Every structure is written in structure tokens, then in C-alpha cells.
Amino acid sequence: MSVMKTAAETADEKAIVAAAEAALGEIALIRAEVGKVIFGQESVVEQTLLAVLSGGHALLVGVPGLAKTKLVATLGTVLGLANSRIQFTPDLMPSDILGSEVMDQDAAGHRSFRFVPGPIFTQLLMADEINRASPRTQSALLQAMQEYHITIAGARKDLPHPFHVLATQNPLEQEGTYPLPEAQLDRFLMQVDVGYPELAAERQILLETTGVTEAEARPVINAERLQQLQNLIRQMPVGEKVVDAILSLVRSARPGNGNAATDKNVAWGPGPRAGQALMLSARGRALYDGRLAPSIDDILALAEPVLQHRMALTFAARAEGMTVRDVIADLVKRAKG
């Protein structure tokens, strides 16, 4: 019996290796197609792609004009996903996102309600400037992002598969913005900070986007293949040392777990969902880099995008000018030893 089990395990491992090798070529093509439209910003593209490949949602934070919206639209094309865009504004209502019921009347005069789906019924939802809408409207996405269905008039409405929310957010210091509630932030697999492009990339932007024609990305895979890649990532093995590294990092970011610096500076830390996000995204990063299993370096590299929106500093720490990134950088430094 043990021999048969070993043979079965070997066959499974060979199948995963073969599937991973096939996926590597497709991921390389995806990166190349995105690179035709998005110049520079390699880490931003990588983290956003990892969020989707890992089956999660991503929050892209940066000032206007940094191609956040263009990146999301390009990913929708390259990944072959049906996509829609919602421009969040202060007067946007939950029904504008979810849809609503309208009354119909037939020729005989019988009246009935008919559900008109909103733009959330898509595979890739671009939530543009999500923090410009009121908390009431922001919360309309909560159930959809976690449970992949919504409830209208007591009836469950399932969303298409796969379903991903890629939201863009302006810095909260700007006028007319509302901070996202903590429960919604926790549902984003990653927060991707979008900075200004490097000089060479900005030069390329000037040359490539101000002519008569612009480069366009083409589809590389489709929704069905994306789900297969997501399933493959979930099958990738994770070593005990990597699991221990995830637990150690997440728990060290919570007050009351024996870390004096965290106790002093952190008001509340990441929950178990942060560990789940690290586990999935580390597997995705390994595959993205052409490896069959994640390493501790993957965990440390993903610490900031996975943890920073799941933590809050104490008033004293903020008064001293400290940021969440400073705290995470210190935790990563300690983890490296």
C-alpha cells in the first residue's frame, strides 16, 4: 500500500511540475504584453499580477496620472477577462454598483419585478478612485469581495468566476476622499503602492504615447485558463520553514506577542487573513519567478504589500513621524537576522 501511495505522490508531483512549466511560458507572455503598454513599474505590475494569479483583489494607491487605471484595463485584456469600470464619486449609491429591481408590466397588465444587474457582475471590476465614494457605497463591495455573491431583496445573486476587484485609490491627504473601513481593507490581498516612474521609463512614456498610434496589448489567456493557474498555485508545496516564517512575521506584527517595538508602536495588527494572503502570494511569486516552491525570501519581499493595510499605528508612533512601512521594514530586518 505504501509503495502505491508513493507512486501516486510521485505522479502528482510530476503533474504539478509539468503544469508549472507550461504556466511559465504563459506568464512570460503576459508580462511581455503588459510591458507593451505599461512602461517601467515592474514591481507594481508584478504585485498586481500576483494578486490576480493568487485569486485575490488588489488596492493600487498613488497620485493621479500614474497609469493605475490603464494597468487594470490592460490586465483585463491580457488575461481575457470580461471587465467593467466604476468611477467612484461622492454621489454614487450602492445600487449603482450592485444593480436594482425594476417593475415590469406585461401586455395583460400583470406586474412583476425584474433584477437589472449592475457593473459588479463581471470578472474584473475596476473600482476607480474607490475612496471618493461614501463609506456606505464602499461597503457595497464587502460581501462580493469575500463571498463572491451579493444579496438583493433577500435573494442571492452569484457573481461570475473568476471575480477580482482591482481598486485605485488617491492618497487620503487629498480633499474629497474617505478612508476605507478596516474590514474592507482586509479583503484586499495586497496594497500596491504606485510611485513615479524612473527617468528612462518616463522618457519612453513621452515617446510612445504622444504619436499617432499607441501600442495595444492582446489577450494571452482566458478566464478558464486563469482559474487553472490559480488552482495550480494552490497546489504548490510549501515547506515547514516557510510556514513558520509566515506565522512568525504575522504574529510579530500584533501587539501582545512579545515584540516590544510592536507593543509600543502598533495599535492593532494583521489577522489570520494576512497569513493566508502571504501563503498564496508567496506561491504565486515563486511561479512568477520560475520556481516550484516558495522560499522565506518570498515572504519577506511580500511583507509590505500584504501587511501595510492590515495594521494601524498608535497615536504616539504617528506623532513621532513613524509609518507602517517603517514598522514592517523593522520586522523584516529582524526576520532576516
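Throughout this description, residue numbers start from 1 for each chain and increase along the sequence as written. Owing to the predicted nature of the model, reporting of local features is limited to residues with pLDDT of at least 70; listing and counting of side-chain atom pairs is limited to 80 or more, with chain, interface and lining totals taken over all residues. Excluding hydrogens and water, the side-chain figures rest on all heavy atoms present in the structure.

Caption draft 1: How the structure looks around the pattern of salt bridges. Between Lys or Arg on one side and Asp or Glu on the other, a salt bridge is scored when a side-chain nitrogen of the former is within 4 Å of a carboxyl oxygen of the latter. Enumeration according to the criterion identifies 16 salt bridges in this entry. Notably, a salt bridge pairs glutamate 33 with lysine 36, separated by 2.8 Å at the nearest N-O pair. Of the two residues, glutamate 33 and lysine 36 are both situated in helix H1 (residues 2-37); the distance of three residues between them amounts to about one turn of the helix. A salt bridge links arginine 156 to aspartate 158; its shortest N-O distance comes to 2.7 Å. A network of salt bridges, in which partner residues are shared, links Glu46, Arg285, Asp289, Arg291 and Asp298. Runs of H or I in DSSP of at least four residues are treated as helices and runs of E of at least two as strands, each being numbered from the N terminus.

Caption draft 2: Structural context of the pairing of strand S7 (residues 155-158). Strand pairing is defined by DSSP finding a minimum of two bridges between the two strands. Pairing of strand S6 (residues 149-152) with S7 involves four bridges; the strand directions are antiparallel. Across the sheet, the residue bridging to isoleucine 150 is lysine 157, located in S7. Hairpin connection from S6 to S7: two residues lie between these consecutive antiparallel strands, with alanine 153 at a positive phi of about 50 degrees.

Caption draft 3: Local environment of the packing of aromatic side chains. Side-chain rings of Phe, Tyr and Trp, where Trp is taken by its six-membered ring, are said to pair if the distance between their centres is within 6.5 Å; with planes under 30 degrees apart they count as stacked, over 60 as edge-to-face, and otherwise as tilted. All chains considered together, the criterion is met by two aromatic pairs. Centre to centre, the rings of phenylalanine 115 and phenylalanine 121 are 5.8 Å apart; their planes meet at 70 degrees, and the pair counts as edge-to-face. Partly exposed describes any residue whose relative accessible area lies between the buried limit of under 20% and the exposed limit of over 50%, with all areas from a 1.4 Å probe on protein chains only and scaled to the type maximum. Classification of phenylalanine 115 by relative accessible area gives buried; the value is 18%. Classification of phenylalanine 121 by relative accessible area gives partly exposed; the value is 23%. Ring geometry for tyrosine 148 and phenylalanine 163: centres 6.3 Å apart, planes at 85 degrees, overall edge-to-face. In this pair, tyrosine 148 is assigned in the loop between helix H6 (142-147) and S6 and phenylalanine 163 in the loop between S7 and strand S8 (164-169), connecting sequence segments 15 residues apart. For tyrosine 148, a relative accessible area of 25% gives the class partly exposed.

Caption draft 4: Examining helix H12 (residues 272-288) more closely. Here, expected helix span is obtained from the residue count minus one, scaled by 1.5 Å. Helix length check: H12, at 17 residues, gives a terminal C-alpha distance of 24 Å against a target of 24 Å (1.5 Å per residue), a fit within 8%. The buried fraction of H12 amounts to 13 of the 17 residues, a majority that puts the element mostly inside the structure. Positive backbone phi, approximately 85 degrees, marks glycine 290, located one or two places after H12.

Caption draft 5: Quick peek at the environment of lysine 68. Relative to the helices and strands, lysine 68 is located in helix H3 (residues 68-78). In the structure, lysine 68 is positioned 58 residues away from methionine 126 in sequence and 10.0 Å away in space, judged by C-alpha atoms. For this analysis, residues touch if any pair of their heavy atoms sits within 4.5 Å. Dropping the residues within four chain positions of it, lysine 68 is found in contact with Leu60, Val61, Gly62, Val63, Thr168, Gln169, Asn170 and Val194.

Caption draft 6: Examining the pairing of S8 more closely. Along S8, six of the six residues are buried, which leaves the element largely enclosed by surrounding structure. Bridge count between strand S5 (residues 124-128) and S8: four bridges; the pairing is parallel. Residue leucine 125 lies in a different strand from S8, and its bridge partner there is valine 165.

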